[in-house]
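# Remarks on the overall topology
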Amino acid sequence: MFGYVTICEPELKVKDLKKYRGYYCGLCRALKEEYGISGQMTLTYDMTFVIILLTSLYESALQQEMHRCKVHPVKKQLMLRNEITSYAAAMNVLLAYYHMEDDWKDDHKASSLVAKEMLRRKAYKIIAEYPRQSRAVKEALEELAGYEKEKSADIDRTAGCTGRLMEELLVYKEDIWEAPLRKMGFYMGKFIYLMDAYEDLSEDLEKGRYNPLKKLYEVSDYEEKMKQILCMMIAESTAAFERLPCLIDVDILRNILYDGVWNRYNKMQMKKSEDQKK
């Protein structure tokens, strides 16, 4: 479901691109050091955004490191890390664990069971350390699973589950910034869920799988309605973001929120256009 909250690389300055990659590589390194290779395999761009956002908001000092890795074995890479990196790494593993658990319950995939067991001990430590976030993720995914069994076409209810999950993850501290962070996370989570459903719709229709957009797809102006809905979700999220006093790396954050989140959507439109020409 995740992987939509990333940069629009052509619109980013070279120095900002280098720093973004530093955040990403720092998260990758933290996952490996704190949770092993199985933890490192859960790496997502979405949590890189969370690190940049919270680092900017709380003006948390960054530690710069240079390391080689399997992906870049020749040249050492810049890695940026702080305490928020460790928080994001924990949330990354937690999300992966609960998603694997959900997949095992739904489809009994052997691969999901194996991955879940590899993360189990690590996930239990995170659950004990972050009970609020862990409870929110578990409850949101369980509620979503219930709607999926009902084959609910209520996109507000289904997307709201991911919204509540994401809002809890953005609340690093329960302080004066909690309200705007919750609103930002809630609508971003809904955007992610709906974008994922939009991307999967054609395959789900072909294979007879559940998708909350099936009913909406039947209307004549489906594409226009979907774009309006997605625009409304990300507009609410960015409006909440603009109320935060983020100054550090704000160009990276705005690149992601105003351009990067549309990367996959734009690629889908290009493919549809090419298919129509053929």
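Everything discussed here concerns the structure shown above.
Cut-offs used in this document
Residues numbered from 1 in each chain as written. Predicted model: local features only at pLDDT ≥ 70, side-chain atom pairs only at ≥ 80, totals over all residues. Heavy atoms only, no water. 1 Å grid on protein atoms, 1.4 Å probe; cavity = no way out; pocket = protein on both sides within 12 Å on 5 of 7 lines; lining within 4 Å. Points joined across faces, edges and corners; volume = space filled by probe spheres on them. Helix = DSSP H or I, 4+ residues; strand = E, 2+ residues; numbered from the N terminus. Nonpolar A, V, L, I, M, F, W, Y, C, P; charged D, E, K, R; others polar. Expected span 1.5 Å × (residues − 1). Bend = angle between axes of the 7 residues up to and from the residue. Disulfide = S-S within 2.5 Å. Buried < 20%, exposed > 50% of the residue type's maximum accessible area, 1.4 Å probe, protein only. Axes fitted to C-alpha atoms, helices over the stretch in contact; angles between N-to-C directions. Parallel < 35°, antiparallel > 145°, perpendicular 65-115°, else oblique. Left-handed = near helix turned anticlockwise from the far one by under 90°. Contact = heavy atoms within 4.5 Å. Phe/Tyr/Trp six-rings, centres within 6.5 Å; stacked < 30°, edge-to-face > 60°. Lys NZ or Arg CZ within 6 Å of the ring centre and 35° of its normal.

Before going further, it helps to examine the layout of surface pockets. Of the pockets and cavities examined, the second largest pocket occupies roughly 710 Å³. Around the second largest pocket, the lining comprises 29 residues; the ones closest to its centre are Arg 21, Tyr 24, Cys 25, His 72 and Gln 77. Where the lining of the second largest pocket is concerned, the elements lending two or more residues are α1 (14-40) and β2 (77-81). For the lining of the second largest pocket, the leading source of residues is α1, giving 13 residues. Residue composition of the lining of the second largest pocket, by class: 15 nonpolar, five polar and nine charged.

A few words now on α1. With 27 residues, α1 should cover 39 Å at 1.5 Å per step; its first-to-last C-alpha distance of 26 Å lies more than 12% under that length. Where α1 bends most, the angle comes to about 110°, and this point is Glu 34.

It is worth spelling out the state of the cysteines at this point. Scanning the model with the defined rule gives zero disulfides in all. With no disulfide partner, Cys 231 has as its closest neighbouring cysteine sulfur the one in Cys 8, 15 Å distant.

Here the phi dihedral of Glu 59 falls at roughly 50°; this positive angle occurs in a residue that is not glycine. Relative to the assigned elements, Glu 59 resides in the loop between α2 (45-58) and β1 (63-67). Positioned with a positive phi, Asp 249 is a non-glycine residue whose angle comes to about 55°. Among the structural elements, Asp 249 can be located in the loop between α9 (222-241) and α10 (250-258). Residue Asp 249 is classed as buried on the basis of its relative accessible area, which comes to 11%.

Where helix α7 (residues 178-207) contacts α9, the axes come no closer than 7 Å and their chain directions differ by 155°. When the axes of α7 and α9 are compared, the pair comes out roughly antiparallel. Relative to α9, α7 is oriented so that their crossing is left-handed. For the pair α7 and α9, the contacting residues are Pro 180, Lys 183, Met 184, Tyr 187, Met 188, Lys 190, Phe 191, Leu 194, Met 195, Tyr 198 and Leu 201 in the first and Tyr 222, Glu 223, Met 226, Ile 229, Leu 230, Met 233, Ile 234, Glu 236, Ser 237, Ala 240 and Phe 241 in the second. Across the contact of α7 with α9, the residue classes break down as 17 nonpolar, one polar and four charged.

This part takes up the packing of aromatic side chains. For the structure shown, the criterion picks out twelve aromatic pairs. Relative to Tyr 98, the ring of Tyr 97 lies with its centre 5.6 Å away and its plane at 65°, an arrangement referred to as edge-to-face. The exposure classification of Tyr 97 matches that of Tyr 98, with both residues buried. Between the aromatic rings of Tyr 217 and Tyr 222, the centroid separation amounts to 5.1 Å while the plane-to-plane angle is 80°, which identifies the pairing as edge-to-face. Taken together, Phe 191, Tyr 198, Tyr 217, Tyr 222, Trp 262 and Tyr 265 form an aromatic cluster joined through their ring pairs. The aromatic ring of Tyr 58 is capped on one face by Lys 173, whose charged end is 4.7 Å from the ring centroid. Against the face of Tyr 4 rests Arg 264, its NZ or CZ located 4.2 Å from the ring centre.

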